[in-house]
Amino acid sequence: MSKDKYEKQVLDFVSLSCSIPVQKLTMSSTLQGKLGLDGDDADEFMNSFFEEFHIDRSSFNFEKYFSNESSINPFSLFWKSKKRSIEKIDLSMLANAVKTRRW
């Protein structure tokens, strides 16, 4: 299947940003899974992505997709806290944001 220009731009950006060969990426690769992004690394990646492609990030809620490293609590070893649901971001979502210029 042929990749459109937005998919190619995203694949190239992710490959360069994460040092992963573009051949190992698919549009269903997730930032949290295949790329292992979370916390500060994810924040840095997403900020670079929004800036690179001039995307309106006003609707983007970081905590919906990633955990925040500053929120790690050492006392959580002693009690179970309610785990919140994290939505995955795949590369097709990034391509759509590049296409529409908004999240």
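Analysis parameters
Residues numbered from 1 in each chain as written. Predicted model: local features only at pLDDT ≥ 70, side-chain atom pairs only at ≥ 80, totals over all residues. Heavy atoms only, no water. Patch = residues over 30% accessible without salt bridge, like charges linked within 9 Å, V, L, I, M, F, W, Y side chains within 5 Å. Areas by Shrake-Rupley, 256 points an atom, 1.4 Å probe, with all protein chains shown as cover. Salt bridge = Lys/Arg side-chain N within 4 Å of Asp/Glu carboxyl O. Lys, Arg positive; Asp, Glu negative; His and termini not counted. Charge placed at Lys NZ, Arg CZ, Asp CG, Glu CD. Helix = DSSP H or I, 4+ residues; strand = E, 2+ residues; numbered from the N terminus. Phe/Tyr/Trp six-rings, centres within 6.5 Å; stacked < 30°, edge-to-face > 60°. Buried < 20%, exposed > 50% of the residue type's maximum accessible area, 1.4 Å probe, protein only. Axes fitted to C-alpha atoms, helices over the stretch in contact; angles between N-to-C directions. Parallel < 35°, antiparallel > 145°, perpendicular 65-115°, else oblique. Left-handed = near helix turned anticlockwise from the far one by under 90°. Contact = heavy atoms within 4.5 Å. Nonpolar A, V, L, I, M, F, W, Y, C, P; charged D, E, K, R; others polar.

**Here we look at a negative patch on the surface**
- Side chains of Asp38, Asp40, Asp41, Asp43 and Glu44 sit close together on the surface and give a patch of like negative charge.
- Here Asp40 shows up in helix H2 (residues 39-52).

**Notes on the packing of aromatic side chains**
- Enumeration over the complete set of coordinates arrives at eleven aromatic pairs.
- Between the aromatic rings of Phe13 and Phe53, the centroid separation amounts to 5.5 Å while the plane-to-plane angle is 70°, which identifies the pairing as edge-to-face. Pair noted here: Phe13 is in helix H1 (residues 5-18) and Phe53 is in the loop between H2 and helix H3 (62-65), with a separation of 40 residues, a long-range link. As far as the burial class goes, Phe13 and Phe53 line up, both buried.
- Summarising the aromatic geometry, the rings of Phe49 and Phe50 are spaced 5.8 Å apart at their centres and angled 55° between planes, so their arrangement reads as tilted. Each member of the pair, Phe49 as well as Phe50, carries the same accessibility label: buried.

**Side note on the packing of H1 against helix H4 (residues 91-100)**
- At a closest axis distance of 8 Å, the pairing of H1 and H4 adopts a crossing angle of 120°. The angle between H1 and H4 falls in the class oblique. At the point where H1 passes H4, the crossing takes the right-handed sense. Across from Tyr6, Glu7, Gln9, Val10, Leu11 and Val14 in H1, the residues of H4 making contact are Leu91, Leu94, Ala95, Val98 and Lys99.
- Its residues placed into classes, the contact of H1 with H4 shows eight nonpolar, one polar and two charged.

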